[in-house]
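Below, each chain spelled out in residue letters.
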Amino acid sequence: MEIHVKQGNVAQQADRIVVLGTWQDAPLPDSLTHVVESSDWNGAFKQALLVYVPTQTTAAPQDSSVQSTSAPFASRRVLLVGLGEKADWTPERSRQVGALIGQKVRELQQSSATLTLPTTDALGASAAARSLVEGLLMGVYRFDSFKTLPDERVPTTKLEQVTLLVDADVDGVKKAVDWAKAIAAGVNLARDLGNNPPVVATPTYLAETAQRIAQDHDMTCTIFDHDKQVELGMGGLLGVSKGAREPAKFIILEYGQPQPDRPTIVLAGKGVTFDAGGISIKPAADMDKMKMDMQGAGAVLGTMETLGRLKLPLHVVALVGATENLLGENAYKPGDILKALNGVTIEVLNTDAEGRLVLADALSYAQRYNPTAIIDLATLTGACVVALGSYAAGAMTNNPALLERLKAAADTSGERIWELPLWDEYKRQVRSDIADIKNTGGRNGGAITAGAFLSHFVGDFPWVHLDIAGVAWTEDQPKNYNPKGATGYGVRLLTELLREWSGVSL
Ligand code: BES
Ligand code: MN
Ligand code: ZN
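Residues numbered from 1 in each chain as written. Chains lettered and ligands numbered in written order. Predicted model: local features only at pLDDT ≥ 70, side-chain atom pairs only at ≥ 80, totals over all residues. Heavy atoms only, no water.

Residues separated by three or four positions in an α-helix point in the same direction, a consequence of the helix having 3.6 residues per turn. Over its 17 residues, helix α2 (residues 91-107) extends 24 Å from the first C-alpha to the last, a length consistent with the 24 Å expected when each residue adds 1.5 Å. Along α2, 13 of the 17 residues are buried, which leaves the element largely enclosed by surrounding structure. Downstream of α2 by one or two residues, Q109 has phi in the positive range, about 60°. (Helix = DSSP H or I, 4+ residues; strand = E, 2+ residues; numbered from the N terminus. Expected span 1.5 Å × (residues − 1). Buried < 20%, exposed > 50% of the residue type's maximum accessible area, 1.4 Å probe, protein only.)

It is worth spelling out the domain arrangement of the chain at this point. On domain assignment, one finds that the chain holds domain 1 (2-168) and domain 2 (184-502). Each of domain 1 and domain 2 was reduced to a C-alpha centroid, and the two centroids are 38 Å apart. If you look at the interface, domain 1 gives 16 residues, while domain 2 gives 20 residues. Taken over both partners, the interface formed by domain 1 and domain 2 buries close to 1,500 Å², and the fraction arising from carbon and sulfur atoms is 55%. Taken together, domain 1 and domain 2 are joined by two salt bridges. Of the charged contacts, one joins R130 and E496 as a salt bridge, the two residues approaching to 3.6 Å between their closest N and O atoms. Along the contact surface separating domain 1 from domain 2 lie seven residue pairs in polar contact (both at pLDDT 80 or more). Among the secondary structure elements, those contributing two or more residues to the side of domain 1 that touches domain 2 are α2 and α3 (125-139). For the side of domain 1 that touches domain 2, a count of residues per class yields seven nonpolar, four polar and five charged. (Domains from an automatic or database assignment. Contact = heavy atoms within 4.5 Å. Buried area = accessible area lost by both parts, 1.4 Å probe. Salt bridge = Lys/Arg side-chain N within 4 Å of Asp/Glu carboxyl O. Polar contact = N/O pair within 3.5 Å; in protein donor to acceptor, adjacent residues only side chain to side chain. Nonpolar A, V, L, I, M, F, W, Y, C, P; charged D, E, K, R; others polar.)

The next subject is the nonpolar core. Generally speaking, soluble globular proteins have nonpolar side chains that are buried together. Membership of the largest hydrophobic core comes to 58 residues, with the highest contact counts inside it found for L253, M304, I375, I417 and L466. L466 has contacts with I375, D376, L377, A378, G394, A395, L406, I417 and L493, leaving out every residue within four places of it along the chain. Residues F224, F250, I252 and A362 belong to the second largest nonpolar core, which totals 49 residues. (Core = buried A, V, L, I, M, F, W, Y, C linked by side-chain atoms within 4.5 Å.)

Okay, the pairing of strand β2 (residues 18-23) next. Among the six residues of β2, five are classified as buried, and the element is accordingly described as predominantly covered. Of the pairings in the sheet, the one linking β2 to strand β4 (residues 77-84) comprises six bridges and is parallel in character. Following the sheet pairing, T22 is matched in β4 by G82. (Pairing = 2+ DSSP bridges.)

This part takes up the site of ligand 1. Taken together, 16 residues surround ligand 1, and among them K282, D293, D352, E354 and G382 come closest. D275 is positioned such that a nitrogen or oxygen atom in its side chain is 2.9 Å from an oxygen atom of ligand 1. Between a nitrogen atom of ligand 1 and a main-chain N or O atom of L380, the distance comes to 3.4 Å. In isolation ligand 1 offers 520 Å² of accessible surface; the protein chains occlude 77% of this area. Here the shell around ligand 1 is built from residues that sort into four nonpolar, five polar and seven charged. (Near = heavy atom within 4 Å. Areas by Shrake-Rupley, 256 points an atom, 1.4 Å probe, with all protein chains shown as cover.)

A word on the coordination of the zinc ion (ligand 3). Within the protein, the zinc ion (ligand 3) binds to K270 (NZ), D275 (OD), D293 (OD) and E354 (OE); these donor distances fall in the range 2.0 to 2.4 Å. Each of the six donor atoms bound to the zinc ion (ligand 3) contributes to angles spanning 78 to 175°, and the resulting shape is octahedral. Between the donor residues of the zinc ion (ligand 3), the gaps in sequence give the motif K-x4-D-x17-D-x60-E. A separation of 3.1 Å is found between the zinc ion (ligand 3) and the manganese ion (ligand 2), which are bridged by D275. Residue D293 is found in the loop between β9 (264-275) and α8 (295-310), and its partner E354 is found in the loop between β12 (345-347) and α9 (355-366); the two are separated by 61 residues along the sequence. Summarising the burial analysis for this pair, D293 and E354 share the class buried. (Donors = N, O, S within 2.8 Å, 3.2 Å for Na, K, Ca; no water. Tetrahedral: all angles 85-135°; square planar, octahedral: opposite > 155°, others 65-115°.)

Quick look at the structure:
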């Protein structure tokens with residue numbers, strides 16, 4: 001999609017459709033008052049109404065204020081969009097309105113639209129543009145590469161061109177638009193990985209995606225195959241992958257180099273490309289959703305794509321343990337004991353608690369970079385979904401300061417996190433009688449005992465674990481910039497963290 005930025009009055013723009021964002025209870029322009037009954041319209045948040053107006057293509061009015069002009073619109077279709085109370089305007093609302101506009105314009109089968117960027121004293125032009133365009137590009141995303149038959153629920157028109165009208169600072173807004181495009185590219189890459197069927201999005205496919213990102217953005221990509229995993233002793237990843245025919249891959253994607261004045265940040269992702277549960281097999285209902293059990297990896301790879309476009313001055317290493325969790329004849333079994341890369345031995349009580357085994361090796365490997373911070377993302381536990389629903393990722397840490405940084409990034413990006421405690425009691429819950437630790441601590445506090453398990457693999461390095469099981473996928477649409485399917489959660493959060501850490505301002 002092309003996004004143009006310029007100065008101008010929306011009434012004077014000739015386009016397929018013009019969008020008139022309206023604050024709650026603000027008067028409509030005179031030229032609309034006879035078209036729209038005031039009882040039909042009050043500008044409440046996310047109201048939308050298309051009106052057809054008589055056009056006037058010549059003698060454009062001089063007055064640049066929409067509210068006071070009585071001159072007719074230059075475009076025939078005017079889409080009124082309610083912005084709600086001006087005082088309530090936030091980046092999140094701006095994102096949602098961006099998505100709403102994209103979706104409405106597409107439903108109306110129009111390929112281009114012009115709108116005035118809604119700004120307030122609190123949300124200036126560049127932040128407003130960033131969030132609105134982010135929402136727009138995330139909202140029009142659709143996974144349709146397997147659609148061959150016409151589907152009446154799917155508009156055929158593509159939104160190709162959007163023109164943003166601003167009062168001033170065209171260059172600043174253009175920069176913000178580029179930023180939003182980079183973020184949307186990362187988010188949509190993560191979504192594609194999650195939405196693709198597991199026969200496509202295999203460990204090899206994740207590895208190839210990482211290699212492609214490396215090529216496009218001048219990064220280094222290293223893939224450890226089975227033999228190398230054995231040589232290093234990645235017993236967690238190897239254990240889980242024993243039941244699969246697809247070979248496991250350990251993926252390293254490195255951006256920038258270690259430098260004395262730059263932080264090294266490791267992002268680790270769970271890349272289970274399909275989780276049947278292994279011998280401790282899952283019930284059939286909803287097992288198809290377990291194609292998204294690599295959304296931790298999706299978030300990490302998506303963030304690297306975004307980072308490659310933004311070129312932030314940092315050293316960032318993405319690590320992904322990629323495997324299937326299946327029931328092949330050689331599958332690992334409850335009762336098995338595995339030895340992770342850092343030497344910790346793990347008694348396997350449930351082969352469906354596989355994510356933590358994969359992460360055990362990734363986190364152990366992360367320590368080799370002497371990192372300033374390690375952040376892992378994983379669709380790790382159903383218990384986290386029970387605890388927080390689909391409105392926040394569960395966050396666990398050994399370093400409150402790092403978590404604070406992430407909380408700030410969550411506030412700014414709109415991708416929420418919520419802390420769960422990692423008290424010693426939970427760590428005791430995963431102690432094993434015959435090995436160092438066991439891979440489940442029972443039902444109680446299941447999200448936290450998973451985090452407690454992971455804490456054995458990060459040493460003393462500052463670390464945050466994000467359980468994204470509840471937020472990585474959406475069936476309903478509580479946020480309209482997240483269409484059904486994989487959400488790409490984490491890309492916006494991590495990008496904002498990296499931006500803040502790099503000192504680059506917007
Ligand atoms: N991938 C699942 C967790 C999951 C569940 C993600 C629902 C998204 C939605 C994970 O591998 C798993 O199976 N966890 C088990 C752990 C248990 C056996 C200790 C779970 O949550 O039931
Ligand atoms: Mn599982
Ligand atoms: Zn899993």
